[in-house]
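# Coordinate inspection notes
Listed here are the chains, written in short residue letters.
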Amino acid sequence: MSMSPTASEVVGDVDDAYPQLLAAVRARFAHVTSSGEKLFTTRATGLFEAFLGGLPAPKRPIFTCNACRRFVERHGGLVTIAADGVASAALWDPAAVPAPYHASVAAMARLVAAAPIDGVFLSSDKVWGQPITTCAKPPGAWHHLAVTPAAALVFTPTIHAAAQVMAAKLEEYAMLCRGLGEFSLETVAQAHALLTTGNLFRSEKCVGVAAWLLALHRARRAARRAEQRDNLTWRAVASAPAGYCHVRSGMIGSLLEDIVAGLPFADIKARFDAKMHPLQYLRPQAAPSEGNIAQAEAVIATLATAGALARRFARLADVQALWTPAPARELAAKAGVFAHLARKVASAPRAIAQPAVTITWEKFARTVLTEATRIELHVPAEKRSYGAFVTAADPDAPPILQWDRAERRNPVSCYVYVDGSAPETWNLPAGGYHPLTAIALQPWMWEGADAYPHQSRGALLILEGARDLRYTTGAGFFPSNLKSDYHGIRATLEAYAKSAVVAGATEATACGLFLHKNTATWNYLVRVTTGSGVQTYNLDRWD
């Protein structure tokens, strides 16, 4: 602690418990953060003075150490927040420290417990504090209060530094508090109910934030003390997905306002559906400004993702298929004197014609796909949701999509035409059965159906020879599907995506008919071959 050799002799003689103090502080920190708990700052002050004040007066000069003071002043007030809103000091546990330090640590713990939380704590430092300092004179090395955070606690900057994100979290706390105050638990519960009935268009885009807000409201109501309610709000802010705290400015806010205004359901639905139209929701309607273009250049340069904007049409090898047809069986070559002779082939039993079985997609996937060796779609003559998968032109380009991560790469996205497409524009003959080469879920479902709940559920029936014959430009990605780092430059990215050309249109082999959960009825006929024969099914809806 002290830089004086004489002080070291004193510490060595009378304070052999000091290494135990350092170990106890490190153990406490490791324990309370072992489950990935977020850390929060408090308004606690006078912590180092409390630490010194708990020590016997003769020992205080020994511990008047700049390295330890800096650590306590910067990190000593940190807390975690439990699910019930109770805050606990991240570093100080009086019961775990050696007796000579009990009074000091207890005093700091009391100050921290009494202080209100005032922010989310983030740091890019891999070591918090200065564990060791050295000097030329004996003992040479001095050990100080410090901790090494787990890798999950070390903030990795992207376009914003830790301090900037902390400042943004402070603003989000204020916005969330306003939203909680303006929209009651009962109002939020009503919005959540409307979003989960399936009666509102593309409701999956909002049901996540509604469920999150409802859970927070309920947790706050169950809390006994005001400080617990405040703490629960901070806890929600720390882990909130991008945009969730912006209650009033998002679509959930628009829905809540309509409920508060007492509008009838028909009006609420009409207003919600219009705002959620694919060409309106999160889609900039004006050309980007010079400032936004300059900002976009800076963001792309900082993230080093210029190459990731180039896209190409996907091929079957790029797709995580849910189903593929069974390979054609070939007779094995047989040796022998009579191997060349023709064999009597037993005639197949006469197929019994049966009416189409109406079935939901989920039941079809669960009970039919596992046995299917061949599937054919009866191609409707009318416009339908034909579309394609696209992927990164450079497979090593940095991830830009929400569901594409460095540890689990998946750069595949998709597109359809808003008003649908005629089959002939996708190289498909209408009115007859056409073979499938694969079935795949939407790319954001490849980790699991609920991995990205704000994205709509769906599947692509990949059709043999299907490709977009009318494609010219655009559709490489949609800004709303990009990581939150790109949110501020959506206008520029929208303009870029509309004009950019996705490569490889003639080599595309992952195109076909999309099945969307949020489409009420489908009535798609599929003819399925299994080991037991052939059966036609009418896929009428998702579930």
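Our subject is the structure that appears above.
The following refers to the structure shown. Within each chain, residues carry numbers counting from 1 in the order of the written sequence. At least 70 in pLDDT is required for a residue's local features to be given in this predicted model, at least 80 for side-chain atom pairs to be given and counted, and no such filter applies to totals for whole chains, interfaces and linings, which use all residues. The side-chain quantities take in all heavy atoms of the structure and omit both hydrogens and water.

## Observations regarding the side chain of glutamate 204
Definition in use: Only DSSP runs of H or I with at least four residues qualify as helices, and only runs of E with at least two residues qualify as strands; both kinds are numbered from the N terminus onward. Accessible area is worked out with a 1.4 Å probe on protein chains only. A residue is then buried under 20% of its type maximum, exposed over 50%, and partly exposed in between. We count Lys and Arg on the positive side and Asp and Glu on the negative side, and we leave His and both chain ends out. In the sections that follow, a salt bridge refers to a side-chain nitrogen of Lys or Arg positioned within 4 Å of a carboxyl oxygen of Asp or Glu. Any two residues whose heavy atoms approach within 4.5 Å are treated as being in contact.
Tracing the backbone shows glutamate 204 in helix H8 (residues 204–222). With no salt bridge to any partner, buried glutamate 204 finds its closest opposite charge in arginine 202, at an N-O distance of 4.7 Å. Setting aside its immediate chain neighbours within four residues, glutamate 204 contacts Pro453, His454, Gln455, Ser456 and Asn518.

## With respect to the environment of aspartate 318
Put simply, the test is: Here a polar contact is taken to be a pair of N or O atoms separated by no more than 3.5 Å, where protein atoms must pair a possible hydrogen donor with a possible acceptor and residues adjacent in sequence count only if both atoms sit in side chains.
With respect to the secondary-structure elements, aspartate 318 resides in the loop between strand S9 (311–313) and strand S10 (357–359). Aspartate 318 sits in the partly exposed class, given a relative accessible area of 24%. Beyond its immediate stretch of four places on either side in the chain, aspartate 318 contacts Arg312, Thr391, Val412 and Trp446. Side-chain polar atoms of aspartate 318 contact the side chain of arginine 312, separated by 2.9 Å. A distance of 2.8 Å separates a polar side-chain atom of aspartate 318 from the backbone nitrogen of arginine 315.

## Overview of the layout of surface pockets
We apply this condition: Cavities and pockets were defined on a 1 Å grid built over protein atoms only: a cavity is a set of grid points that admits a 1.4 Å probe from which the probe cannot escape, a pocket is an open set flanked by protein on both sides within 12 Å along at least five of seven lines, and lining residues are those with an atom within 4 Å of any such point. Grid points are joined across faces, edges and corners, and a volume is the space filled by probe spheres set on the points. Each residue gets one of three labels, nonpolar for Ala, Val, Leu, Ile, Met, Phe, Trp, Tyr, Cys and Pro, charged for Asp, Glu, Lys and Arg, and polar for the others, Gly among them.
Quantified by volume, the second largest pocket comes out at close to 1200 Å³. Taken together, 43 residues form the lining of the second largest pocket, with Pro278, Val416, Tyr417, Val418 and Phe478 sitting closest to its centre. Counted by class, the lining of the second largest pocket contains 18 nonpolar, 15 polar and 10 charged residues.

## A look at the packing of helix H7 (residues 185–196) against helix H10 (residues 251–260)
Working note: a packed helix pair is described by the angle between its axes plus the distance between those axes. Condition: Fitting a line to C-alpha atoms yields each axis, with helices limited to the stretch in contact; the angle taken between N-to-C directions then spans 0 to 180 degrees. For classification purposes, angles smaller than 35 degrees are called roughly parallel, those larger than 145 roughly antiparallel, those between 65 and 115 roughly perpendicular, and all remaining angles oblique. By definition, turning the near helix anticlockwise from the far helix through less than a right angle yields a left-handed crossing, and turning it clockwise yields a right-handed one.
Axis separation between H7 and H10 bottoms out at 10 Å; the angle between their running directions is 110 degrees. In terms of their interaxial angle, H7 and H10 are classed as roughly perpendicular. For the pair H7 and H10, the crossing hand works out as right-handed. Packed against H7, whose contacting residues are Thr187, Val188, Gln190, Ala191, Leu194 and Leu195, the element H10 presents Ile252, Leu255, Leu256, Ile259 and Val260 at the interface.

## Considering helix H5 (residues 102–114)
Defined as follows: In this scheme, a helix's expected span is set at 1.5 Å multiplied by one less than its residue total.
Compared with an ideal rise of 1.5 Å per residue, which puts 13 residues at 18 Å, H5 spans 18 Å between its outermost C-alpha atoms and is within 8% of the ideal. For H5, the set of buried residues is Ser104, Val105, Ala106, Ala107, Met108, Ala109 and Val112. Elements in contact with the buried residues of H5: helix H2 (18–32), helix H3 (47–53), helix H4 (66–75), strand S2 (79–81) and strand S3 (87–89).

## Topic: empty space enclosed by the protein
Inspection of every chain in the model, using the stated rule, returns 2 cavities of 30 Å³ or more. By volume, the largest cavity is sized at about 40 Å³. Looking at the largest cavity, the residues that line it are Ala308, Arg311, Ala392, Ala397, Pro398, Pro399, Ile400, Leu401, Asp404, Arg409 and Pro411. Of the residues contributing to the lining of the largest cavity, the split by class is 8 nonpolar, no polar and 3 charged.

## Section: the nonpolar core
For clarity, the cut-off: Among buried residues, the Ala, Val, Leu, Ile, Met, Phe, Trp, Tyr and Cys ones that are joined through side-chain atoms within 4.5 Å form a nonpolar core.
Phe51, Trp92, Tyr101, Leu176, Trp212 and Leu255 are the most contacted members of the largest nonpolar core, which has 81 residues in total. The residues touching leucine 176, leaving out its near neighbours within four places in the chain, are Trp212, Leu213, Leu216, Thr233, Ala236, Val237, Cys245 and Val247. Grouped together as the second largest cluster of nonpolar side chains are 69 residues, Leu369, Trp403, Ala440 and Ile489 included.

## Some remarks on the packing of H8 against H10
Put simply, H8 and H10 touch, their axes get as near as 9 Å, and they point 70 degrees apart. With respect to each other, H8 and H10 are oriented roughly perpendicular. As for how H8 packs across H10, the hand of that crossing is right-handed. Facing H8, whose interface residues are Cys206, Val209, Ala210 and Leu213, H10 presents Met251, Ile252 and Leu256. Of the residues that constitute the contact of H8 with H10, the class distribution is 7 nonpolar, no polar and no charged.

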